[in-house]
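Structural description and commentary
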Amino acid sequence: MKSASSSIIKLGIGLPAYGAKISMWHAQMWLTLGAALAQSSKRFELRMIDYVDACGVDVARNRLVADALERDCDWLLMVDADTWTDDGASLLQMISDAERYDSPAAVVAAAVPRRDPDDTRPTVYRRVASLARDVADCTQTAFAYTPIVVAGDQLMPVDSVGA
C-alpha cells in the first residue's frame with residue numbers, strides 16, 4: 001500500500017535476474033541509487049534489497065513481490081538485469097513523484113526503448129477499442145493496444161508497458 005506523501009516511503013529494491021548476470025551499466029545505476037538513498041533518509045527508508053535468479057522472470061518478480069509485502073514495503077523498485085538508467089537518483093524521483101500523483105495506480109514504470117534497432121520507440125501503450133469477429137454472434141467489442149508517444153520525463157497514465 002502506498003504511504004501518504006508527507007511520510008517516509010518504505011522502499012524495497014529487487015533485481016529479477018536470470019543466469020546470474022547483469023550489465024556493467026547496472027553497477028553505475030545501483031551506485032548512484034545508493035548515493036541518492038544515503039542523501040534521502042527523510043524521504044525513503046530502505047526495507048529490502050534482494051535478488052532472485054530464476055528461470056522465468058515472472059517467477060523472480062512474484063518472489064520479490066512476496067518478499068516486499070512480508071517486509072511491509074510501500075514501494076518495490078524492480079529493475080530487470082538487462083535494463084538500466086544512467087542516474088539511479090532518477091528512480092527515486094520517479095517513485096517520489098508517483099507517490100504525490102493523485103492516482104490509484106499500483107505500478108509506475110519507465111519508458112524503456114524497444115530492442116529493435118529500426119524501432120526504438122518506448123514500450124508504452126494505450127488500450128483502444130476495436131471490433132473483432134466472434135463466431136457465435138458475428139461481432140463483439142475487443143481491445144487492442146497501440147504505442148503512444150512519451151512526453152518528456154513526466155508521469156502520465158498509460159494502459160500497458162513492456163515488450
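Before reading further, recall that the structure is shown in the block above.
Residues numbered from 1 in each chain as written. Predicted model: local features only at pLDDT ≥ 70, side-chain atom pairs only at ≥ 80, totals over all residues. Heavy atoms only, no water.

1. Here we look at the nonpolar core
Put simply, the rule reads: Nonpolar cores were defined as sets of buried Ala, Val, Leu, Ile, Met, Phe, Trp, Tyr and Cys residues, with membership established by side-chain atoms within 4.5 Å. The cut-offs for exposure are 20% and 50% of the maximum accessible area for each residue type, with area from a 1.4 Å probe on protein chains only; residues under the lower value are buried, those over the upper are exposed, and the others partly exposed. Under the scheme used here, helices are H or I runs from DSSP no shorter than 4 residues and strands are E runs no shorter than 2 residues, and both carry numbers assigned from the N terminus.
By size, the foremost hydrophobic cluster in this structure holds 16 residues, and its most contacted members are L11, L37, F44, L77, L92 and I95. Elements with a minimum of two residues in this core: β1 (9-17), α1 (24-38), β3 (75-78) and α3 (89-100). Formed by seven residues, the second largest nonpolar core is a distinct cluster that contains M48, A54, L64 and C73.

2. Some thoughts on helix α2 (residues 57-70)
Where we set the bar: Multiplying 1.5 Å by the residue count of a helix minus one yields the expected span of that helix. Throughout, the arc means the angular range of directions from the helix axis out to the C-beta atoms. Throughout, a contact is declared for two residues whenever any of their heavy atoms are within 4.5 Å.
Taking 1.5 Å per residue as the helical rise, α2 with its 14 residues ought to reach 20 Å, and the 20 Å between its terminal C-alpha atoms agrees with that figure. Among all positions in α2, only A60, L64 and A68 are buried. Summarising the axial view, the buried residues of α2 lie within an arc of 70°, below the 170-degree limit, and thus occupy one face. Across α2 from its buried face, at more than 90 degrees, point the exposed residues N62, L69 and E70. On the buried face of α2, the contacting elements are β1, β2 (44-53) and β3.

3. Re the side chain of R43
For clarity, the cut-off: For the purpose of charge, His is not counted, nor are the chain termini; Lys and Arg are scored as positive and Asp and Glu as negative. Throughout this description, the term salt bridge denotes a Lys or Arg side-chain nitrogen within 4 Å of a carboxyl oxygen of Asp or Glu. Under the rule applied, a polar contact is a pair of N or O atoms within 3.5 Å (in protein, one hydrogen donor and one hydrogen acceptor; residues adjacent in sequence only if both atoms are side-chain atoms).
With respect to the helices, strands and loops of the structure, R43 is situated in the loop between α1 and β2. No salt bridge forms around the buried R43; measuring N to O, its nearest opposite-charge neighbour E99 is 5.7 Å away. Looking at R43, its side chain comes within polar contact range of the side chain of S96, at 3.0 Å.

4. Digging into a nonpolar patch on the surface
To keep it simple, the criterion reads: Candidates for patches are residues over 30% relative accessible area with no salt bridge; among them, like charges are joined within 9 Å and nonpolar side chains (Val, Leu, Ile, Met, Phe, Trp, Tyr) within 5 Å. Under the convention used here, a 1.4 Å probe and the Shrake-Rupley method define accessible areas, while residue burial counts only the protein chains that appear.
Together, M24, W25 and W84 make up a nonpolar patch on the protein surface, roughly 360 Å² of accessible area in all. Along the polypeptide, W84 turns up in the loop between β3 and α3.

5. A look at unusual backbone geometry
Of note in this structure, D72 is not a glycine but carries a positive phi near 60°. Along the polypeptide, D72 turns up in the loop between α2 and β3. Under the relative-accessibility criterion, D72 is labelled partly exposed at 44%.

6. Some details on the packing of aromatic side chains
Note the following rule: For Phe, Tyr and Trp, where Trp contributes only its six-membered ring, two rings pair if their centres lie within 6.5 Å, and the inter-plane angle classes them as stacked under 30 degrees, edge-to-face over 60, or tilted in between.
Throughout the structure, instances matching the rule amount to one aromatic pair. Centroid distance W25 to W84: 5.3 Å. Interplanar angle 15°. Geometry classified as stacked. Taken together, the residues W25 in helix α1 and W84 in the loop between β3 and α3 connect sequence positions 59 residues apart. For W25, a relative accessible area of 42% puts it in the partly exposed group.

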